[in-house]
Amino acid sequence: MKTQITHFGTINSDTFQQSYETRITLDGHDVSLDLNFYTVSPDSAGWTAEYENYAALLPDYKRNVEAAIADDFQKGGETRKYIDFHLKEMPPALLERLMQSADSSLPDDERLLSLLKLKRIGFYPGDRLYAVWDYTPGWQFTDQLIVGNTDNEGKVKYVSWEC
């Protein structure tokens, strides 16, 4: 069975792959997308409509995830710990290079927070956590991420710090 999927093109369940990858521009930034079939297969019923409904609202869900990350930072959650860790542990020269593009009128923690950019969205049809939104100030600076985890309706379940 061949199915046309937004952003991914045609998925053929007869030549099943566990993961599919593509790149899109979202809010003016390059973002990697991957569609992962660990719980369901491409010929399972319902996942296509679920994905299409989610994909149609990516800009809205992005705003929700970013609001949750900002809220998590303000409340001293994982985002605050991530920012504090990087401010403390990053070599000063690397931190200075990273912070060059941030608004220098902000405190360092808010400057670093402002540099977090969406780099990847992973979709997991059939899983409780339907999509994961990976944020980093840049792979050249850190291999650690702040991740917004959502259900299939875009509701942020929690924010995590992942290596």
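Residues numbered from 1 in each chain as written. Predicted model: local features only at pLDDT ≥ 70, side-chain atom pairs only at ≥ 80, totals over all residues. Heavy atoms only, no water.

1. As for the packing of aromatic side chains
Each aromatic ring pair is described using two quantities: the centre-to-centre distance and the angle formed by the ring planes. Enumeration over the complete set of coordinates arrives at twelve aromatic pairs. A centroid spacing of 5.9 Å and a plane angle of 65 degrees characterise the contact between F8 and Y51, whose relative ring orientation is edge-to-face. Of the two residues, F8 is situated in the loop between β1 (2-5) and β2 (9-12) and Y51 in helix α1 (residues 47-55); the sequence distance between them amounts to 43 residues. For F8, a relative accessible area of 14% translates into the label buried. On the accessibility criterion, Y51 (0% relative accessible area) is buried. With 5.1 Å between their ring centres and 50 degrees between their planes, Y54 and Y130 make a pair best called tilted. With Y54 in helix α1 and Y130 in the loop between β5 (117-123) and β6 (131-136), this residue pair connects regions lying 76 residues apart in the sequence. Grouping residues by exposure puts Y54 and Y130 together as buried. Aromatic ring contacts, followed pair by pair, group F8, Y51, Y54, Y61, F123 and Y130 into a single cluster. If you follow R80 out to its NZ or CZ, it ends over the ring of F73, 4.0 Å from the centre. (Phe/Tyr/Trp six-rings, centres within 6.5 Å; stacked < 30°, edge-to-face > 60°. Helix = DSSP H or I, 4+ residues; strand = E, 2+ residues; numbered from the N terminus. Buried < 20%, exposed > 50% of the residue type's maximum accessible area, 1.4 Å probe, protein only. Lys NZ or Arg CZ within 6 Å of the ring centre and 35° of its normal.)

2. Digging into α1
Taken as a whole, α1 has its buried residues at W47, Y51, Y54 and A55. Within α1, the buried residues cover an arc of 95 degrees as seen down the axis, which keeps them to one side. (Arc of directions from axis to C-beta.)

3. Focus on the sheet that holds strand β3 (residues 19-26)
Where strands meet in a sheet, backbone hydrogen bonds hold them as pairs that are either parallel or antiparallel. Within the open sheet, the six strands sit side by side as β3-β4-β5-β6-β7-β8. Their pairing is mixed. Looking at strand neighbours, the two that pair on one side only are β3 and β8 (156-162), the edges of this open sheet. Within the sheet, the average angular offset between the axes of one strand and its neighbour, ignoring direction, is 20 degrees. The pairing of strand β7 (residues 145-150) with β8 spans six bridges and is antiparallel. Among the inter-strand pairings, N149 is bridged to a residue of β8, identified as Y158. (Pairing = 2+ DSSP bridges. Axes fitted to C-alpha atoms, helices over the stretch in contact; angles between N-to-C directions.)

4. Observations regarding the nonpolar core
If you look at the biggest cluster of nonpolar residues, it comprises 41 residues, and the most contacted ones within it are L35, Y51, I121, F123 and W133. Examining the composition of this core, we find that six residues originate from one element, helix α2 (residues 58-74), more than from any other. Every residue in contact with I121, bar those within four places of it in the chain, is listed here: L26, V31, S32, L33, D34, L58, A131, V132 and W133. (Core = buried A, V, L, I, M, F, W, Y, C linked by side-chain atoms within 4.5 Å. Contact = heavy atoms within 4.5 Å.)

5. Focus: the pairing of β1
Here β1 shows one buried face, formed by T3 and I5, and one open face, formed by K2 and Q4. Direction of pairing for β1 relative to β2: antiparallel, over a ladder of four bridges. If you follow Q4 over to β2, its bridge partner there is T10. Turn length for the β1-β2 hairpin, with the two strands adjacent in sequence and antiparallel, is three residues, and the turn residue H7 shows positive phi of about 75 degrees.

6. Examining the side chain of T150
Assignment of secondary structure puts T150 in strand β7. A polar side-chain atom of T150 sits 2.6 Å from a polar atom in the side chain of Y54. Setting aside its immediate chain neighbours within four residues, T150 contacts Y54, V65, R128, L129, Y130, A131, W133, K155, V156 and K157. (Polar contact = N/O pair within 3.5 Å; in protein donor to acceptor, adjacent residues only side chain to side chain.)

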